[in-house]
Amino acid sequence: MLKRLVVLTALAVSSAAVAHADSISGFFSATGTDSFTSSTLSFAPGSVVAGAIGGTFATYLTDGNPITFASGTIPYVQGNNPVPPNIQLFSTTEAGETFGFTVSNFNADFINNGTEGCLAGNTCLTITGMGVFTGTGTVAYSPTPAEFQFTSQYVAGQPLATLTSFSASASATPGPVPEPASLALFGTGLVGLVGVARRKLRA
């Protein structure tokens, strides 16, 4: 019984390490165009990865790789916007890996009065949101908590708004994987428990 406990504990620690290794981490930026009003948002085709790329994403993504945003019109209200489950905001595929972002909620800020960094005469929309990144293909990554943010700006006379900034980032949040020294102490504790149990059984 005690041997089985040691084996199961070792497997649990190993599994935690594997799950941690398969999580997505890092960030990337993008550029593109869209259309928005004070209550709706629509992404235009042609968005691409552009700018900073780091972590897991840097293994697969490169500048100029296409990003597919949700099609159709996305309604929103000023402030917090919870969304229905399983709504994929965007995805991008390169080097055999597809990353998808499923949004859970977002905050929208529509600005048309020349404040908050939006130039006078322009109309801006800033959105920040939370969700989950998935990665499938070459590697099956664990779903990972993530966030995104973008600012879009209409310049007077332009038919489409320009994504002046867009970034998405993922950060694994499971408990820390034990360091080798911690594992050694843990193992020593188990050996001590085994010794105590044996003495009690002999008594």
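Look above for the structure.
Residues numbered from 1 in each chain as written. Predicted model: local features only at pLDDT ≥ 70, side-chain atom pairs only at ≥ 80, totals over all residues. Heavy atoms only, no water.

1. Some points on the overall build of the chain
To keep it simple, the criterion reads: Numbering of helices and strands runs from the N terminus, with a helix taken as a DSSP run of H or I at least four residues long and a strand as a DSSP run of E at least two residues long. Only protein chains enter the accessibility calculation, which uses a 1.4 Å probe; a residue is then buried when its area is under 20% of its type maximum, exposed when over 50%, and partly exposed in between. We call two residues in contact when some of their heavy atoms are within 4.5 Å. Residue burial considers only the protein chains on display, and all accessible areas are found by Shrake-Rupley using a 1.4 Å probe.
Secondary structure assignment for the chain yields 3 helices and 11 strands. Here the chain holds 203 residues, and 32% of them are scored as buried. Intrachain contacts of the chain at a sequence separation of at least 6 include 60% that bridge at least 24 residues. By element, 62% of the accessible surface of the chain is carried by carbon and sulfur atoms, the whole surface being about 11,200 Å².

2. What about the state of the cysteines?
The condition is simple: We call a pair of cysteine sulfur atoms a disulfide whenever their separation is within 2.5 Å.
Scanning the entire structure with this criterion turns up 1 disulfide. Covalently, cysteine 118 is tied to cysteine 124 through a disulfide, its sulfur atoms 2.1 Å apart. Torsion about the S-S bond of the cysteine 118 and cysteine 124 cystine: about 85 degrees, corresponding to right-handed handedness. Comparing cysteine 118 with cysteine 124 shows no difference in burial state: the two are buried.

3. Quick word on the packing of aromatic side chains
Note the cut-off: Note on aromatic contacts: the rings of Phe and Tyr and the six-membered ring of Trp form a pair at centre separations within 6.5 Å, being stacked when their planes are under 30 degrees apart, edge-to-face when over 60 apart, and tilted otherwise.
In this structure the tally under the stated criterion is 21 aromatic pairs. Considering the side-chain rings of phenylalanine 43 and phenylalanine 69, the 4.1 Å spacing of their centres and the 15 degrees angle between planes classify their relative orientation as stacked. Taken together, the positions of phenylalanine 43 in strand 3 (residues 40-43) and phenylalanine 69 in strand 5 (residues 68-69) put the pair 26 residues apart, joining distant regions of the chain. Comparing phenylalanine 43 with phenylalanine 69, the two get one shared label, buried. Aromatic side chains phenylalanine 57 and phenylalanine 99 sit 4.8 Å apart centroid to centroid with 65 degrees between the ring planes, which places their arrangement in the edge-to-face category. Pair noted here: phenylalanine 57 is in helix 2 (residues 56-60) and phenylalanine 99 is in strand 8 (residues 97-111), with a separation of 42 residues, a long-range link. With relative accessibility at 0%, the residue phenylalanine 57 sits in the buried group. For phenylalanine 99, a relative accessible area of 0% puts it in the buried group.

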